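Below, each chain spelled out in residue letters.
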Amino acid sequence: MDNYDLVIVGGGMVGASLACALLPVARELKLRVAVVEAEQMPAPGEPVFQPSYDARSTALAYGVRAPFERMGIWQQLVEHLTPIEHIHVSDRGRFGVTRLDAERENVSALGYVVENHWLGQVLLSRLAQHGAPEIDFIAPAQVEDLDNRADGSQVRIATAEGERTLNAGLVVIADGGRSSLREKLGIGYSQSSYEQHALVANVSLDRGHGGVAYERFTDSGPIALLPGEDLDGQARCGLVWTLPEDDVDEVLALDDAAFLRKLQERFGYRAGRFIRVGERFHYPLKLVLAEEQVRAGLVVLGNAAHALHPIAGQGFNLAFRGVVALADMIIERRREGLPLGDLHALQAFETARHSDQFRTIQFSDRTMKLFTSSQPGVGLLRDAGLVALELCPLGKTLLARAAMGLDQPAPKLH
């Protein structure tokens, strides 16, 4: 039987970020952490990265930079980040538009676009090179059972070498939106379908993207275009196209030329002409909220706790703020010699996170519904709002700070 202070179930972007957040103080605090991941851990060594045309990407808010710097990974991560220098919000077929600009807000970038594969490589390489012996990455491994109790938990896992039982004062479930462990523990969740699918692909333009991220609202759903690393001499952007469920199969069946024509017709020519599209992926859009995010000795984190509409790209950023807040709580309690899994402490953590979660979820949910509504007069209301925002410097600054994640309390992280 192996004894740990913390067991993190899931070594993806959320779980690995939590482990990396604790790594700089793990030795000082004599903190023993296990990360249980279903996929094989990459071999130790500097990550060798080759950008892939079809790689999926994530928009990182500007506010993630400071925590990543404290984790010691920003210098490497920035090698393959694309800065978002401008954000352009518009409503197709209408006159309303709002523009946000990094220089005007006195920041180097409003955010960054990163390929998920690169972010994952940097996080896991950091753990592989510097994690031992305090952070034990157990992979590939599957959680077979979790006996969760106030005085400590037992996690039974299956590995290639056989079964192991891990003792832990605190268990964090970070195994994604389809968390099987969440269901095994009987943690219910509410689910609301938007009756839409997100079609995700990379596209190339006939000109440089200029560091502009577009949020283009249409009568069938928003289209987001994120600036990415150039590849093969062409500007490459990440596309997130929201489609009604009834239209998904038709659009997926189009050949590349027909797909680009339809996208051009829906998006317009603000970014230039679309000249190439890569592999297309799609998934249904739902708002999913776990009914419990903490129990004694247990925290549900990331997509296992909340999955949002991709509008405004706040899913990972909300999860990451939860990671930082939990790491701060663990560090503080460890320094004070207090148990990590204390129910009252975890409930206080959940309460502190509630306003951020509520505000972010409500913003994405209401914005999506507002900009897809066909009710009479709503279009004029949207236009008036965008124009008013464009003409109000303070309003634009508040929106920019929210998009950058700077409207939250500054993280401590050690």
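Remember, it's a predicted structure, so these values are computed and weren't measured experimentally. (Residues numbered from 1 in each chain as written. Predicted model: local features only at pLDDT ≥ 70, side-chain atom pairs only at ≥ 80, totals over all residues. Heavy atoms only, no water.)

A. Representation of the packing of helix 1 (residues 13–26) against helix 4 (residues 116–130) in the model. For the pair helix 1 and helix 4, interaxial distance at closest approach is 10 Å and the crossing angle is 40 degrees. Relative to helix 4, the element helix 1 is oriented oblique. The element helix 1 and its partner helix 4 pack so that their crossing is left-handed. Side by side, helix 1 and helix 4 meet where Met 13, Ala 16, Ser 17, Ala 19, Cys 20 and Leu 23 of the first sit next to Asn 116, Leu 119, Leu 123, Leu 124, Arg 126, Leu 127 and His 130 of the second. (Axes fitted to C-alpha atoms, helices over the stretch in contact; angles between N-to-C directions. Helix = DSSP H or I, 4+ residues; strand = E, 2+ residues; numbered from the N terminus. Parallel < 35°, antiparallel > 145°, perpendicular 65-115°, else oblique. Left-handed = near helix turned anticlockwise from the far one by under 90°. Contact = heavy atoms within 4.5 Å.)

B. Up close: the nonpolar core. If you look at the biggest cluster of nonpolar residues, it comprises 55 residues, and the most contacted ones within it are Phe 68 and Leu 127. With residues up to four places along the chain from it excluded, the contact list for Leu 127 reads Ala 16, Ala 19, Cys 20, Leu 23, Met 41, Ala 132, Ile 135 and Phe 137. Formed by 23 residues, the second largest nonpolar core is a distinct cluster that contains Val 9, Ala 34, Leu 185 and Ala 304. (Core = buried A, V, L, I, M, F, W, Y, C linked by side-chain atoms within 4.5 Å. Buried < 20%, exposed > 50% of the residue type's maximum accessible area, 1.4 Å probe, protein only.)

C. Summary view of the pattern of salt bridges. Applying the stated criterion to the full structure yields 14 salt bridges. As a salt-bridge pair, Asp 5 and Arg 334 come within 3.0 Å of each other at their nearest N and O atoms. In this pair, Asp 5 is assigned in strand 1 (residues 2–9) and Arg 334 in helix 8 (residues 315–335), connecting sequence segments 329 residues apart. Judged by its relative accessible area of 25%, Arg 334 is partly exposed. For Asp 356, the salt bridge identified is with Arg 353, shortest N-O distance 2.8 Å. Of the two residues, Asp 356 and Arg 353 both sit in helix 9 (residues 343–372), three residues apart, roughly one turn of that helix. Judged by its relative accessible area of 1%, Asp 356 is buried. (Salt bridge = Lys/Arg side-chain N within 4 Å of Asp/Glu carboxyl O.)

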